[in-house]
Amino acid sequence: ERESLVTCCVVVLCVALRVLRGEDRREKQQLAMGRLSVLACVLVLCLVAAATRLAMASRGVDVSDQVLPATWKCLKEHGYTFGIVRGFHSYGGVDTTCPHTIYNAWDGGMDHVDVYLFPCQGKSAQAQVSELVKYLHSYNCTYGKIWIDLETNPSPGCGWSSERDINCKYLGELLGAGHSEKRNMGVYASESMWSSIVGDSCTVAKDHPLWYAHYDNNPSFSDFRSFGDGSTRSSSSTRTRSVESAVAWERTPTLHDAL
């Protein structure tokens, strides 16, 4: 993204310089030099904007096991500022390590902590979300969004339907259940999982943040293509063994925003 912005700025400057070279330098020298100064300023501003955009990025991890405060502290010392903790197993039950891992993330210095729910379609959407929310409330947990994990579910009796329309409707029910519990919701998905599970025409998540997943060891949006009703990215993941490192922008676009 930064490279694209810089390239655009350079192209604009080059085109403008070509125009300047075509002017009558004897009659318009002062005007041309003035324009050149303005264009140079524009290029500098473009570079500053690109650098600012990069600086706004923050690094984080999502975890599916108990993580102690010392580990979170170590992550913070290495530039990681947020954590996303598994709150609900793919087989349809709460993750009992979640509450204390949330505590530990805060104690370790994280600036922000979310949770994710791996849904089991064999259970009611409302029941799963309510169970998670009530469970975390019983531990007085402080956390931000609940992310719905949209990917293949290997647990018996919990896999997604072969009918994409049914899956799309179920995803909408999960998001609606979260809102009924007064929680902010988001969706974790890759382009391929979105297409194969809920279908390209599914728009139930268009007003929700997208946690964009692509496991290429490149925490950026350089390869992003719109899906889910013209989505723009809010975060990108690269998987490293059992931990996923995520990059999220300070602004959180929704699925239907245009960058």
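Rules and cut-offs
- Residues numbered from 1 in each chain as written.
- Predicted model: local features only at pLDDT ≥ 70, side-chain atom pairs only at ≥ 80, totals over all residues.
- Heavy atoms only, no water.
- Helix = DSSP H or I, 4+ residues; strand = E, 2+ residues; numbered from the N terminus.
- Buried < 20%, exposed > 50% of the residue type's maximum accessible area, 1.4 Å probe, protein only.
- Contact = heavy atoms within 4.5 Å.
- Areas by Shrake-Rupley, 256 points an atom, 1.4 Å probe, with all protein chains shown as cover.
- Pairing = 2+ DSSP bridges.
- Right-handed = clockwise from strand over helix to strand, strands pointing away.
- Salt bridge = Lys/Arg side-chain N within 4 Å of Asp/Glu carboxyl O.
- Disulfide = S-S within 2.5 Å.
- Polar contact = N/O pair within 3.5 Å; in protein donor to acceptor, adjacent residues only side chain to side chain.
- Axes fitted to C-alpha atoms, helices over the stretch in contact; angles between N-to-C directions.
- Left-handed = near helix turned anticlockwise from the far one by under 90°.
- Nonpolar A, V, L, I, M, F, W, Y, C, P; charged D, E, K, R; others polar.

J.: Would you take a moment to explain the overall build of the protein chain for this structure?
T.: Summing up its helical and strand segments, the protein chain has seven helices and eight strands in all. Here the protein chain holds 259 residues, and the buried ones make up 46% of them. Restricting to contacts in the protein chain with at least 6 residues of sequence separation, those with at least 24 account for 68%. Working note: accessible area of the protein chain is about 13,400 Å², and carbon and sulfur atoms make up 55% of it.

J.: Quick question: what am I supposed to make of the pairing of strand β5 (residues 185-189) here?
T.: Regular strands place their side chains on alternate faces of the sheet. Burial analysis of β5 places five of its five residues in the buried class, which makes it a mostly covered element. Because side chains alternate across β5, one face comprises the buried residues M185, V187 and A189, and the other comprises G186 and Y188, equally buried. Two elements, strand β4 (residues 146-149) and β5, share four bridges in a ladder whose sense is parallel. Within β5, the position partnered with D149 by the bridge is Y188. Taken together, β4, helix α6 (residues 164-180) and β5 constitute a β-α-β crossover, and its handedness is right-handed. Taken together, the three bridges between β5 and strand β6 (residues 210-213) define a ladder with parallel strand orientation.

J.: Sorry if this is basic, but what is going on with the pattern of salt bridges here?
T.: Two side chains that carry opposite charge are able to pair once their charged atoms sit near each other. According to the stated counting rule, one finds four salt bridges in the structure shown. The salt bridge involving K76 is made with D111; its shortest N-O contact spans 3.4 Å. Taken together, the residues K76 in helix α3 (residues 69-77) and D111 in the loop between α4 (98-107) and β3 (112-117) connect sequence positions 35 residues apart. When the shortest N-O distance is used, the salt bridge between E131 and K123 registers 3.4 Å.

J.: What should I look at first to understand the state of the cysteines in this one?
T.: Defined simply, a disulfide is a covalent bond joining two cysteines at their sulfur atoms. Inspection of every chain in the model, using the stated rule, returns two disulfides. Residue C120 pairs covalently with C158 via a disulfide, S to S 2.0 Å. Between C120 and C158, the S-S dihedral sits near -75°, and the bridge is therefore left-handed. One end of the pair, C120, is in the loop between β3 and α5 (125-138); the other, C158, is in the loop between β4 and α6, with 38 residues separating them in the sequence. Shown here is the disulfide that connects C168 with C202, its sulfur atoms set 2.1 Å apart.

J.: How do you make sense of the pairing of β6 when you look at a structure like this?
T.: The side-chain alternation of β6 yields two buried faces, one formed by L210 and Y212 and the other by W211 and A213. Considered for its hand, the β-α-β crossover made up of β5, helix α7 (residues 191-197) and β6 is right-handed.

J.: Just to check I follow, could you spell out the side chain of S90 for this structure?
T.: Counting through the fold element by element, S90 comes out in the loop between β2 (80-88) and α4. There is a polar contact of 2.7 Å between the side chain of S90 and the side chain of S155. In this structure S90 touches F118, P119, C120, N153, S155 and C158, once residues within four positions along its chain are discounted.

J.: Would you explain the packing of α5 against α6 in this entry?
T.: Running from N to C, α5 and α6 cross one another at 40°; their axes reach a closest spacing of 8 Å. Crossing hand, α5 versus α6: right-handed. Touching A125, Q126, Q128 and V129 of α5 are Y170, E173, L174, A177, G178 and S180, all from α6. Split into classes, the residues belonging to the contact of α5 with α6 amount to five nonpolar, four polar and one charged.

J.: Explanation requested: the environment of T71 in the structure shown.
T.: Mapped onto the elements, T71 comes out in helix α3. As a C-alpha pair, T71 and A105 span 34 residues in sequence and 8.7 Å in three-dimensional space.

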